[in-house]
Amino acid sequence: MSEPDVSAPAFWQRRYERGEDGWDLGGPHPSLVHLLDTAPPPPGRVLVPGCGRGWDALALAQRGWEVVAVDFAEAAVGTARRLAATVGGRLTVAQRDLFTLGPEWTAAFDGVWEHTCFCAIDPARRDAYAALVARVLRPGGWFLACFFPLRAAGGPPFAVTPADVVPRLARHFRVERVGPPPRPVPHRAGQEWLLRARRVDAPGRP
């Protein structure tokens, strides 16, 4: 059997149409909400890559961040844009392939929130993803991520472990925290981990 083409929008569009969207929580990740309410990152402009239906992006916008959410599946973008209409222009949704973002996106953001994008991309593109996140962040910008799933193999969603991720970020970031999320999703118990990192030097090109 051939491997699924997870780099094509059609693959994810079919998953949404068939109701095979178990990654969708129907609301923002509880750890994101907890952090925004108790230990929020600095204010500014935030990118949410692979935003899905936009729940996390909405939570950020509702609390005052200027948010740009990106996804390439039409079904996801449609819902995210309807959510965006409720927050008075603080949330913009772009239907784009993340890896085609042009130079106008360079150093355009103060922060990036990651949740279920990294585990959905082809693992062969993980270095490119790390470089992309570094490129879109301003020097000193923050990268906050709740990674899933913590397992040996399989996918999508593809396995995501600290041993795989942290070295990829080391060229661009100072990793400040790696550990369990403060408010894990109950049915993902033991399969999630949280990372906080800071962009340490001037953005380069991926």
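Please read all numbers here as calculations on a predicted model, not as lab measurements. (Residues numbered from 1 in each chain as written. Predicted model: local features only at pLDDT ≥ 70, side-chain atom pairs only at ≥ 80, totals over all residues. Heavy atoms only, no water.)

Chemist: What exactly am I supposed to notice about the overall build of the protein chain here?
Modeler: Looking only at helices and strands, the protein chain features six helices and seven strands. Dimensions of the protein chain along its principal axes, counting C-alpha atoms only, are 45 × 40 × 35 Å. Here the protein chain holds 206 residues, and the buried ones make up 49% of them. A sequence separation of at least 24 residues applies to 71% of the contacts in the protein chain between residues at least 6 apart. Only carbon and sulfur atoms are counted for the fraction: they give 54% of the accessible area of the protein chain, which is about 9,200 Å². (Helix = DSSP H or I, 4+ residues; strand = E, 2+ residues; numbered from the N terminus. Buried < 20%, exposed > 50% of the residue type's maximum accessible area, 1.4 Å probe, protein only. Contact = heavy atoms within 4.5 Å. Areas by Shrake-Rupley, 256 points an atom, 1.4 Å probe, with all protein chains shown as cover.)

Chemist: Got a minute to help me understand the pattern of salt bridges in this structure?
Modeler: A side chain of one charge can pair with a side chain of the opposite charge if their charged atoms are brought near each other. Summed over the entire model, instances satisfying the criterion amount to 12 salt bridges. Note that Asp164 and Arg126 form a salt bridge whose closest N and O atoms lie 2.7 Å from each other. In this pair, Asp164 sits in helix 6 (residues 162-169) while Arg126 sits in helix 5 (residues 126-136), placing the two residues 38 residues apart along the sequence. Among the residues examined, Arg126 registers a relative accessible area of 4% and is labelled buried. Arg188 is the partner of Glu192 in a salt bridge, and the nearest nitrogen-oxygen pair spans 3.2 Å. For the pair Glu192 and Arg188, a shared accessibility class is recorded, and that class is buried. (Salt bridge = Lys/Arg side-chain N within 4 Å of Asp/Glu carboxyl O.)

Chemist: Where do I start with the side chain of Arg15 in this structure?
Modeler: Positionally, Arg15 belongs in helix 1 (residues 9-17). Dropping the residues within four chain positions of it, Arg15 is found in contact with Glu20, Asp21, Trp23 and Pro156.

Chemist: Quick question: what am I supposed to make of the layout of surface pockets here?
Modeler: Taking a probe equal in size to a water molecule and rolling it over the atoms shows the remaining empty space. In this structure, the largest pocket spans a volume of roughly 680 Å³. What lines the largest pocket is a set of 43 residues, and nearest its centre among them are Trp23, Gly50, Thr116, Cys117 and Ala120. Of all the secondary structure elements, the ones that give two or more residues to the lining of the largest pocket are helix 1, strand 1 (45-49), helix 3 (55-62), strand 2 (66-71) and strand 4 (109-115). Residues of the lining of the largest pocket, tallied by class, amount to 23 nonpolar, 10 polar and 10 charged. (1 Å grid on protein atoms, 1.4 Å probe; cavity = no way out; pocket = protein on both sides within 12 Å on 5 of 7 lines; lining within 4 Å. Points joined across faces, edges and corners; volume = space filled by probe spheres on them. Nonpolar A, V, L, I, M, F, W, Y, C, P; charged D, E, K, R; others polar.)

Chemist: Is there a simple way to think about the pairing of strand 5 (residues 137-147) in this case?
Modeler: The side chains of a regular strand alternate, residue by residue, between the two faces of the sheet. Strand 5 sits mainly inside the fold: eight of its 11 residues count as buried. By the bridge criterion, six bridges tie strand 4 to strand 5 in an arrangement that is parallel. Within strand 5, the position partnered with Phe109 by the bridge is Leu137. Once the chain exits strand 4 it traverses helix 5 before rejoining the sheet at strand 5, and the crossover so formed is right-handed. (Pairing = 2+ DSSP bridges. Right-handed = clockwise from strand over helix to strand, strands pointing away.)

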